[in-house]
Each structure stands twice: as C-alpha cells, then as structure tokens.
Amino acid sequence: MMHKKLSMLISASLLCGAVAMGSPVATAQDINYNLPSAEQIEARKNNRSNRTVSERIGRRIMNAYELYSEQEDIQGAIAVLEELDPSDEYDVAYVNRFLGNLYAANDQIEDAMTRTRQAAEADVLGWNDQAAALKLAADISLQLENYRDALKYYNQWLQFTGEADPDVFLRIANSFYELKQYDKIIQAADMAIANYEEPNKNPYVLKVASYYERKMYSDAIDVLEAGLAIMPTEKTWWSQLGMMYMLEEKIDKALQTLEIAYLAGYLDKESQIKAVIQLYANNGIPFDAAELMVKHLEAGDVEKTARHYYSAASNYEMAREYARAADLYQLAADLETDRAEKANYFRRKGTAHLRAEEYAEAASAYLKALDFGYSEPGDVYMSLTEAYFYQDKFSEALKYVKEAQQYSEQRRNARSWESYIRSKASNRGISL
C-alpha cells in the first residue's frame, strides 16, 4: 500500500562491533507498544559484550567496504564477501549482515532477506548492528509482502531499541492493513500520529481505511475531521468526508462539506462533481443542481450523455425553469439511441414547453414522442389536446381528444374536455 523500494545505505557503522537482544517472537496478533525506558536500554547496552571480527575476516570486510564506498563497486564488494567461509558465529553474523545490506542495495531482495534474517536471529551482533539488522529484516519482509515476518521483526526492533519511530508504527499499521486485521491498525496509526514531528497524512489514511472496512463510518468521520483540522488542504479527504456523511445519512453535512470542497477547487473528478449535484437535488435545491451540471457539461468535466442532460433538464423543471428544461430535454433526445427513451425525453420536453406556455413547441415535441412510440399514447393525446386548445386550434384539439377517448384511463377526462372544446369553439363562432 505505501512501502516503496528500499534504498539501503552502508555506513561506517558496518565496521563497528556490538551484541543483541533475544526478544520474544512477535506474531500478527502481538505487537508490544510498551517500549522499554531509556534507562532500561542503557543498562542493556552496558551489559552487552563488545566484540570485533577476527583479523582475517576483518581485512576482507575492509576490502569489500572500500570497493563499495570508494569505488561504488557493489558487485565487487559482494564477490569479496561471498568468498568468505567464517566459522566463528560472530564473524558469520557480521558477514551476513554486511552481505544483506549489499544485496539489498543491489536489488537482490530475496538474498538480502536470507542473509539479514540469519544475522538478526543469530543475536550476537553489537548493539547498533543488531538494531540495523532487525530493522532491515522488517523492511525487506514488508517489501516482499511477508507481512507477518515484518511485524515480527518490527516488534523485536521496538523492544530492542525502545525508539518510538513513527515510520515503524506506520509500517506496522500498513502490515495489519495488508493482513486485513483492520482493528489492529488503529493503535499503530495512533502511535505514528503521536510521534511524527510534522503532520503525516498516511496514518490518518490507514485509520479511515480500518473504520471503513468495518463499516464504522462515524469513527471514520471523526478521523477525517481531525485530519482536516490539521491538514485542511488534503483534497481527497474533503470528498471522502462528504461521502462518509452520506453513508451516515447526514445529508446536510455532506452537502456543506462537498460544497466547501467544490468552491475550494478540490473536486475535480466527474464522480465528485455529480455527488455535489445529487446532494443539491436531494436537499431541495434543484436550480443549483441543474446549473452545476450544465456548467460542467459545457466545460467537458462531465461526459455529454443523454442521461446527464436529462438530469439537468429534470432539475430545471423542478425549479420551474421550464423553457431551459425543454432545451435540455432536446439535447438529451438528440444523444439518445434507444427509441423508448428518446420518446420519453420528447414527452418531457413537450410538458416543459406546455408549462412554459410555449404551446406550439409543446405540440411539436408531443408529436415526436408519438413518432418514436411513446408507451402511453393516451397521456400524450391529452397533452396534445391542451397544447392545441391553448393555441385556439380547436379542430386539432378535438382530433386528439377523440384519440384520447380510445384509452380507458383517459376516457372520462377526454369526454369532459371534448364538451369544453366544443363549448369554447361555439362561443367563438367556430363550427366543429
């Protein structure tokens, strides 16, 4: 999730001696966050014997170190050490540690793991070397996706050094995430947060993931709110917080959060923009929903599809912007390939025109709905009746009201309209 390719540096400490720890083996279920005190660590250091490699091995190690550090010849340094066959356990561990570092620097990760594990588990190196071996074994295990081993060695390193290293806590949290032991992420992430000198977003990300995977959305919200209070420019957190509010059905807060993020320019994905549009619509602000959709359709941020134009049109219609709704229903119909949907869009366009008192345009749209086979023609015939009636085209109105009478669900209303049309025409001196 967040570990990068390890970059291993060999330092002059490779030439120093020390000793090791013998801490209990950690499992994925056992990380001891109760670190030994500075006094305890100092006492352990003082109780460790200081050893050095034998003279024969030491000369070859010096040769290898010079090849690596002065000539940048990693392969040559590796070749020198691979020829060695030490017998003393300290010499063996020291050569393994050195080779582990060189293999890691040379991207021979499996070999690096083998040598480093042997060095660490021999538990005979000096203090600094043993600490470095444990840390390297943990880091390589993480890179190799051996997360349980990574946790084992990180735990040993913590108990050996007593160092509250936030990066180590973060890697522990990441290992638990990869093992899907989501509940165990929280303490490690909190330890990382507490020990970083500068805010780091990654432990917050892992905590949110932990709560999200366990459907603990309220807790995830608390983490995101705390994170944004410290790092308010983390763009993705704003949209995540809005989505979490939606999952908790806190629609007002979701809209407020995403609106702030939108105005700040943090929402640049189509899905994020559509989420804001949907929230406007759900919160009874259809005009803003329509305006936002049109703006981003025209800008190319939202794909120009029939459904997106239909969304904008229906929101304009809800906002009683009927003429604008009709124009967008037309655009939806133009892009639609399904005849049934196209018929529906023309029917909706006709109704928008009718409500805008644009009766000629309404009649034209309703006729197109019929041409494309609108599934409930009785409704359309009644709407055509109105569209022609209000243009004082009584003959056309009478024609379509008679068509409407062929459908049982419209028959009673259509007969009333027929009487009304004939009466109105008669008052105007028009014979039907």
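Attention here is on the structure that accompanies the text.

Analysis parameters
Residues numbered from 1 in each chain as written. Predicted model: local features only at pLDDT ≥ 70, side-chain atom pairs only at ≥ 80, totals over all residues. Heavy atoms only, no water. Helix = DSSP H or I, 4+ residues; strand = E, 2+ residues; numbered from the N terminus. Contact = heavy atoms within 4.5 Å. Core = buried A, V, L, I, M, F, W, Y, C linked by side-chain atoms within 4.5 Å. Buried < 20%, exposed > 50% of the residue type's maximum accessible area, 1.4 Å probe, protein only. Expected span 1.5 Å × (residues − 1). Polar contact = N/O pair within 3.5 Å; in protein donor to acceptor, adjacent residues only side chain to side chain. Axes fitted to C-alpha atoms, helices over the stretch in contact; angles between N-to-C directions. Parallel < 35°, antiparallel > 145°, perpendicular 65-115°, else oblique. Left-handed = near helix turned anticlockwise from the far one by under 90°. Nonpolar A, V, L, I, M, F, W, Y, C, P; charged D, E, K, R; others polar. Salt bridge = Lys/Arg side-chain N within 4 Å of Asp/Glu carboxyl O.

1. Details of the side chain of S175
Topologically, S175 is positioned in helix α8 (residues 166-178). Look past the residues within four positions of S175 in its chain and what remains in contact with it is L142, Y147, A150 and L151.

2. Here's the deal with the nonpolar core
Counting residues in each nonpolar core, the largest one holds 77 residues, and the members touching the most others are M244, L328, L384, V401 and I421. Dropping the residues within four chain positions of it, I421 is found in contact with T385, F389, F394, A397, L398, V401 and L432. Counting 62 residues, the second-largest nonpolar core is a separate cluster that includes L67, M113, L125 and W157.

3. Topic: helix α14 (residues 270-282)
Over its 13 residues, α14 runs 18 Å from end to end, which matches the ideal 18 Å to within 8%, given 1.5 Å per residue. Contacts from the buried residues of α14 go to α12 (235-247), α13 (251-263), α15 (286-299) and α16 (306-318). Of the residues one or two after α14, G284 is the one with positive phi, at around 75 degrees.

4. Side note on the environment of A188
Mapped onto the fold, A188 is located in helix α9 (residues 185-195). Taking C-alpha positions, A188 is 5.2 Å from A173, a pair spaced 15 residues apart along the chain. Residues in contact with A188, not counting those within four places in the same chain, are Y33, F169, I172 and A173.

5. Some thoughts on helix α18 (residues 339-355)
For α18, built from 17 residues, the straight-helix expectation of 24 Å at 1.5 Å per residue is met to within 8% by its first-to-last C-alpha distance of 24 Å. The buried fraction of α18 amounts to 12 of the 17 residues, a majority that puts the element mostly inside the structure. Along α18, the residues classified as buried are K342, A343, N344, Y345, F346, R348, K349, G350, T351, A352, H353 and L354. The elements touched by buried residues of α18 are α16, α17 (322-335), α19 (359-371) and α20 (377-389). Two to three positions downstream of the cap, the backbone nitrogen of A340 sits 3.2 Å from a side-chain oxygen, assigning the N-cap of α18 to D338. Immediately downstream of α18, the backbone of E357 shows phi near 60 degrees, a positive value.

6. So, the packing of helix α10 (residues 201-213) against α12
Helix packing for two helices is described by the angle between their axes and how far apart those axes are. Interhelical geometry of α10 versus α12 gives an angle of 20 degrees and a closest axis separation of 13 Å. Classed by the angle they form, the pair α10 and α12 counts as roughly parallel. Where α10 crosses over α12, the two elements pack in a sense that is left-handed. Note on element contacts: α12 touches α10 through W237, Q240, M244 and L247, opposite K201, Y204, V205, V208 and Y212. Residue classes in the contact of α10 with α12 are distributed as 7 nonpolar, 1 polar and 1 charged.

7. Some points on the side chain of S239
Tracing the backbone through its elements, the reader meets S239 in helix α12. Polar side-chain contacts of S239 include one of 2.9 Å to the backbone oxygen of T236. Contacts of S239, omitting those with residues within four sequence positions, involve L258, L267 and Q272.

8. Regarding the packing of α20 against helix α21 (residues 394-404)
Where α20 meets α21, the closest approach of the two axes is 8 Å, and the angle between their N-to-C directions is 165 degrees. As the angle between them shows, α20 and α21 are arranged roughly antiparallel. You can see that α20 and α21 cross each other, and the crossing is left-handed. Contacts between α20 and α21 involve G378, Y381, M382, L384, T385, Y388 and F389 from the former and F394, E396, A397, Y400, V401, E403 and A404 from the latter. Across the contact of α20 with α21, the residue classes tally to 10 nonpolar, 2 polar and 2 charged.

9. Points about the pattern of salt bridges
For the structure on display, the rule yields 18 salt bridges. Measuring nitrogen to oxygen at the nearest pair gives 3.0 Å for the salt bridge that ties E83 to R60. A residue pair is termed long-range when its members are at least 10 positions apart, and E83 in the loop between α3 (74-82) and α4 (89-105) and R60 in helix α2 (residues 55-71) qualify at 23 residues. Between K152 and E121 there is a salt bridge; the shortest N-O distance is 3.2 Å. Of this pair, K152 sits in helix α7 (residues 147-161) while E121 sits in helix α5 (residues 109-122), placing them 31 residues apart in sequence.

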